[in-house]
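Each chain, letter by letter, is given below.
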Amino acid sequence: MEPLFSAQTNNTFEEYKRWNYEINKSKLIIIGVLYLIIFLLLSFINIIYLKMDAVFAIILFMIFMVLIFVVFMQAFNSAIKKAYYSNKALQKCPVITTEFYNDYLESKNEQHYSKFFYEDIYKIVETGTNFYIMPAVNNGIIISKQNCRPELILFLQTLKNNVNSGKK
């Protein structure tokens, strides 16, 4: 049976990093809000209870929070890098072909084959550059829009709306 559409994506480290940032975006936002709350609380405590100069306290804790954030982001990026480079099969064959049929898709290269029925897909995320087809919360297929015909982009947008509308 011939596929309706087909697309190839080169799974580079940069693509993998973009995917990780996108699927973890809500966690990163929550951490940012928590940092802001902690910053405000510590500044308030220092100004009110320790009688520190307000400007000095704010500068001190801004520096402190920036340093913590930098360390956190370095650890996050290090974990992404470690995960990407631990996948030796992907390093050998980074180009994945995804073929779309009426009820399912197939993702494959020389060392990998997966088949997912659309009804079993957890979620589809669209960004300006990619589609991320998520069979599970921690598993995804990257589809680069630059390698898609306009008909495939429309098909994926429709599929995204159908898949995501069925989720609670």
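Scroll up for the structure.
Below: a short report on this structure. Just so we're clear, the structure is a prediction, and the values are computed from it rather than from any experiment. (Residues numbered from 1 in each chain as written. Predicted model: local features only at pLDDT ≥ 70, side-chain atom pairs only at ≥ 80, totals over all residues. Heavy atoms only, no water.)

**Comments concerning the overall build of the protein chain**
Thinking step 1. Helices and strands together make up the secondary structure of the protein chain, namely five helices and seven strands.
Thinking step 2. For the protein chain, the N- to C-terminal ordering of α and β elements is β-α-α-α-α-β-β-β-β-β-β-α.
Thinking step 3. Compactness check: the protein chain gives a C-alpha radius of gyration of 22 Å against a globular reference of 15 Å for 168 residues, more than 25% above the reference.
Thinking step 4. Taking the principal axes of the C-alpha coordinates as reference, the protein chain spans close to 75 × 35 × 25 Å.
Thinking step 5. Put simply, of all contacts in the protein chain between residues at least 6 apart along the chain, 55% involve residues at least 24 apart.
Thinking step 6. By element, 63% of the accessible surface of the protein chain is carried by carbon and sulfur atoms, the whole surface being about 10600 Å².
Thinking step 7. Counting 17 positive and 13 negative side-chain charges, the protein chain places the centres of these two groups 9 Å from one another. (Helix = DSSP H or I, 4+ residues; strand = E, 2+ residues; numbered from the N terminus. Rg over C-alpha atoms; globule rule 2.2 N^0.38 Å. Contact = heavy atoms within 4.5 Å. Areas by Shrake-Rupley, 256 points an atom, 1.4 Å probe, with all protein chains shown as cover. Lys, Arg positive; Asp, Glu negative; His and termini not counted. Charge placed at Lys NZ, Arg CZ, Asp CG, Glu CD.)

**Brief notes about the nonpolar core**
Thinking step 1. In terms of nonpolar packing, the biggest core is built from 17 residues, with Phe100, Ile133, Ile143, Leu152, Phe155 and Leu156 touching the most fellow members.
Thinking step 2. When residues of this core are traced back to their parent elements, those giving at least two are strand S1 (5-10), strand S6 (130-136), strand S7 (139-144) and helix H5 (150-165).
Thinking step 3. If you tally residues by element for this core, the top one is H5, at five residues. (Core = buried A, V, L, I, M, F, W, Y, C linked by side-chain atoms within 4.5 Å. Buried < 20%, exposed > 50% of the residue type's maximum accessible area, 1.4 Å probe, protein only.)

**Some thoughts on the sheet that holds S7**
Thinking step 1. Spatially, S5-S6-S7 is the arrangement adopted by the three strands of the open sheet, whose pairing is antiparallel. Whereas interior strands pair on both sides, the edge strands pair on one side only; in this sheet they are strand S5 (123-126) and S7. Pairs of neighbouring strands in the sheet enclose a mean axial angle of 20°, with direction left out of account.
Thinking step 2. Across the sheet, helix H1 (residues 13-23) lies against S5, S6 and S7, angled at about 65° from S6, the strand it touches most. (Pairing = 2+ DSSP bridges. Axes fitted to C-alpha atoms, helices over the stretch in contact; angles between N-to-C directions.)

**As for the packing of aromatic side chains**
Thinking step 1. All told, the structure shown has 12 aromatic pairs when counted by the stated rule.
Thinking step 2. Ring geometry for Tyr16 against Tyr84: centres 5.5 Å apart, planes inclined by 40°, an arrangement best described as tilted. With Tyr16 in helix H1 and Tyr84 in helix H3 (residues 54-86), this residue pair connects regions lying 68 residues apart in the sequence. Tyr84 matches Tyr16 in its accessibility class, with the two residues each being buried.
Thinking step 3. Ring geometry for Phe100 against Phe155: centres 6.0 Å apart, planes inclined by 70°, an arrangement best described as edge-to-face. Pair noted here: Phe100 is in strand S2 (residues 95-100) and Phe155 is in helix H5, with a separation of 55 residues, a long-range link.
Thinking step 4. Grouped by ring-pair contacts, the aromatic residues Phe13, Tyr16, Trp19, Tyr84 and Tyr85 constitute a single cluster.
Thinking step 5. The ring centre of Tyr104 lies 4.2 Å from the NZ or CZ of Lys115, which sits over that ring.
Thinking step 6. Across the ring face of Phe131, the terminal group of Lys145 is positioned such that the distance to the ring centre comes to 5.1 Å. (Phe/Tyr/Trp six-rings, centres within 6.5 Å; stacked < 30°, edge-to-face > 60°. Lys NZ or Arg CZ within 6 Å of the ring centre and 35° of its normal.)

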